[in-house]
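Architecture and fold: a report
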Amino acid sequence: MMVLVIDVNKGIQTQTAECLVIGELICNNLLIVLNKIDLIEKDKRENKIERVKKKINLTINQTKFKSCQMVAVSATQSEGIEHLLSTISENISLPHRSSEGDFIFSVDHCFGVRGQGTVLTGTCLQGSIKLNDSVQISDLKLERKIKSIQVFKQAVSSIVMGDRAGICVAQFDPKLLERGLMFTGNMVQKTYGIIIDITRVKYYKGTITSKTKYHVSVGHETTLAKITFFKPMAATSFSLNTEYLFQETPDEDCIDQIQGFALLELETPILCVPNSVVIISRLDMDINTPACRLAFHGTIQHSFHTPDYSSTSLEGLKIFKWKERQGVVERMSNEYEVIGKELFKKETNIELFRNLRVSLSTGEVGCIEGSFGQSGKFKVYVSDGLKESTRSLIGTGKKGKTGHGNEPNEKVIINLKFKRYVFDKSKSMHQ
C-alpha cells in the first residue's frame, strides 16, 4: 500500500502527479491523506474537504487507484490520526515473501557504532541472510561478515524478503557508502548500458527524442544517459536476434502500454538488479513549473556489463534506419536494361551499390549493375524485362527526342530503399 499525503489547501501539485506515477509502478493499493485541515476555518472545513476530494477524484479515476479511500487529518493537532491508523489497519495486507534466491538488501543509511562496527539500515528486497554470512557491499568489491542484525531494535538471527533491518558489519568505513546495495551471489552487477521496454507517462507533456540525454533512476541511483528508441516490426519480447526499427520519437500510443524499447547509454555505471523498474525523467526542468518531469518508464530487458560494450557489443544490436533515394530513367539500352540518373552524385562510388534492388514507378523490379560513364549515371538490369508500356514511355533516343518519355510528368522514377544499421561501423547497406 502507498500512503500519499496531500496538502488539503493546495490539492494535487507536480510532485503529487509524480508520486502517482511511481505508485502505479510499484503497488496496487493507495490511501490518500489530506493533511493541514486545521488551517481551514471550522465552519467551512467540511465543505472545503469535500470539494478537494472531488477534484482529486478527477485525477485518481484516470489511474488504477479508482475509488481509493481518503482520510482528512491535522498532523500538528493530532486530529483524525486514530481514524487514519484504523483505516490503514483495515486495508493493509502482508505480501508474499520468499526466502529463495540471492540476498539483495537496499541500503538507505550507513553509520558507525563505536565498539561494534558499522550499521547499514534498509530493506531486504530478495532472499534471506543470517548471522555470520558474508555479503558484498555495493560496487566497492568489499566482502564483510555479518556480526549482528536488528529488526525494530530487536536482535534477530536472520531476515527475509520484505524485512526492514539494521545489519552490523566490522571493518567498514561508513563514509564509503550513503546509499546502495548489499548482496550475495552474482545477480547484482555493475552496468554500463541498459535496454528497457518503454511506456510513456501520460502526464509528461515534453518532447521525447532519440540521441538526447535524460535522467535514469534505478533504485537509489540516478545518472544521465543517452537514449535511443526502437521498436520491433511485429509484437515480440526483446531479443538480440531480432531486427528493430529506429525511432526518432516513440509512438504516441505507447502511453499506458508497452510499445517499444530504448537503449540507455549510461554516463556513469550503476549497480542493477535484473528486471528492475527504470524511470526516465527530466530532472533539469524547473521544479516550480506545473509540469511532470517523469517522461517514461520500463523494466530492464538486457544489460551490458563491460565498459567497452559500445565497441564490442552494440554492433550486435540490429537497430536499423530505412534509407530511400530516388532517381529517374534517362533512357532504355535494351528491353532488359535502362540507364538511370539523379540517384547518385558524380563523386559517389557506385560499386558500393552494385546488386542492390530497385523498383521502377511503372512496377518493374531490377538491380543496379554498375556505373555508366563518369557523371553519376548507372545501369539497372530488369531480369523479367520491361513492360511494353514502359518501353514506349521511356524510348531509346536522347533527351528531348523521345516523345512522351521526356515530359516531366511522365518520368519513370527509380526507387532505391535499403537498411543501414545504427551501430554498424562499416555503414553497410542491407535489403
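Look a little higher up for the structure.
Residues numbered from 1 in each chain as written. Predicted model: local features only at pLDDT ≥ 70, side-chain atom pairs only at ≥ 80, totals over all residues. Heavy atoms only, no water.

1. Description of the overall build of the protein
Across its full length, the protein holds 5 helices and 25 strands. Compactness check: the protein gives a C-alpha radius of gyration of 31 Å against a globular reference of 22 Å for 431 residues, more than 25% above the reference. Along the three orthogonal principal directions, the C-alpha set of the protein runs to about 95 × 60 × 35 Å. The burial tally for the protein puts 42% of its 431 residues in the buried class. The contacts of the protein with a sequence gap of at least 6 include a subset with a gap of at least 24, amounting to 67%. Carbon and sulfur atoms form 48% of the exposed surface of the protein, whose accessible area is close to 23,600 Å². (Helix = DSSP H or I, 4+ residues; strand = E, 2+ residues; numbered from the N terminus. Rg over C-alpha atoms; globule rule 2.2 N^0.38 Å. Buried < 20%, exposed > 50% of the residue type's maximum accessible area, 1.4 Å probe, protein only. Contact = heavy atoms within 4.5 Å. Areas by Shrake-Rupley, 256 points an atom, 1.4 Å probe, with all protein chains shown as cover.)

2. Looking at the packing of aromatic side chains
Taken as a whole, this structure holds 16 aromatic pairs when the rule is applied. A centroid spacing of 4.7 Å and a plane angle of 50° characterise the contact between F344 and F353, whose relative ring orientation is tilted. The exposure class of F344 is buried, given its relative accessible area of 8%. Grouping aromatic residues by their ring pairs yields a cluster made of F230, F238, Y244 and F261. The aromatic ring of Y214 is capped on one face by R282, whose charged end is 5.4 Å from the ring centroid. (Phe/Tyr/Trp six-rings, centres within 6.5 Å; stacked < 30°, edge-to-face > 60°. Lys NZ or Arg CZ within 6 Å of the ring centre and 35° of its normal.)

3. Quick notes on the environment of V380
Its place among the elements puts V380 in strand β24 (residues 378–381). Spatially, the C-alpha atom of V380 lies 8.1 Å from that of V358, the residues being 22 residues apart in sequence.

4. Concerning helix α1 (residues 14–26)
Along an α-helix, residues three or four apart share an orientation, since each turn contains 3.6 residues. When the terminal C-alpha atoms of α1 are compared, their 19 Å separation across 13 residues agrees well with the 18 Å that a helix rising 1.5 Å per residue should span. Those residues of α1 that fall on the buried side of the exposure criterion are T14, T16, A17, E18, L20, V21 and G23. (Expected span 1.5 Å × (residues − 1).)

5. Remarks on a nonpolar patch on the surface
Judged by side-chain polarity, M1, V3, V5 and I92 come together as a nonpolar surface patch covering roughly 340 Å² of accessible area. Within the secondary structure, I92 is located in the loop between α3 (81–91) and β4 (104–113). (Patch = residues over 30% accessible without salt bridge, like charges linked within 9 Å, V, L, I, M, F, W, Y side chains within 5 Å. Salt bridge = Lys/Arg side-chain N within 4 Å of Asp/Glu carboxyl O.)

6. Here's the deal with the nonpolar core
Of all hydrophobic cores here, the largest spans 27 residues; its most connected members are I194, I196, I227, L264, I280 and F296. Sorting the residues of this core by element identifies β13 (189–200), β14 (213–218), β15 (221–232), β17 (260–272), β18 (277–281) and β19 (294–304) as the ones contributing at least two each. In terms of residue count, the dominant contributor to this core is β17 (5 residues). L264 has contacts with Y192, G193, I194, I196, V216, A225, K226, I227, V278, I280 and Y309, leaving out every residue within four places of it along the chain. By size, the runner-up hydrophobic cluster in this structure holds 21 residues, among which are V338, V380, L386 and V412. (Core = buried A, V, L, I, M, F, W, Y, C linked by side-chain atoms within 4.5 Å.)

Just geometry here; none of it tells us what the structure is for.
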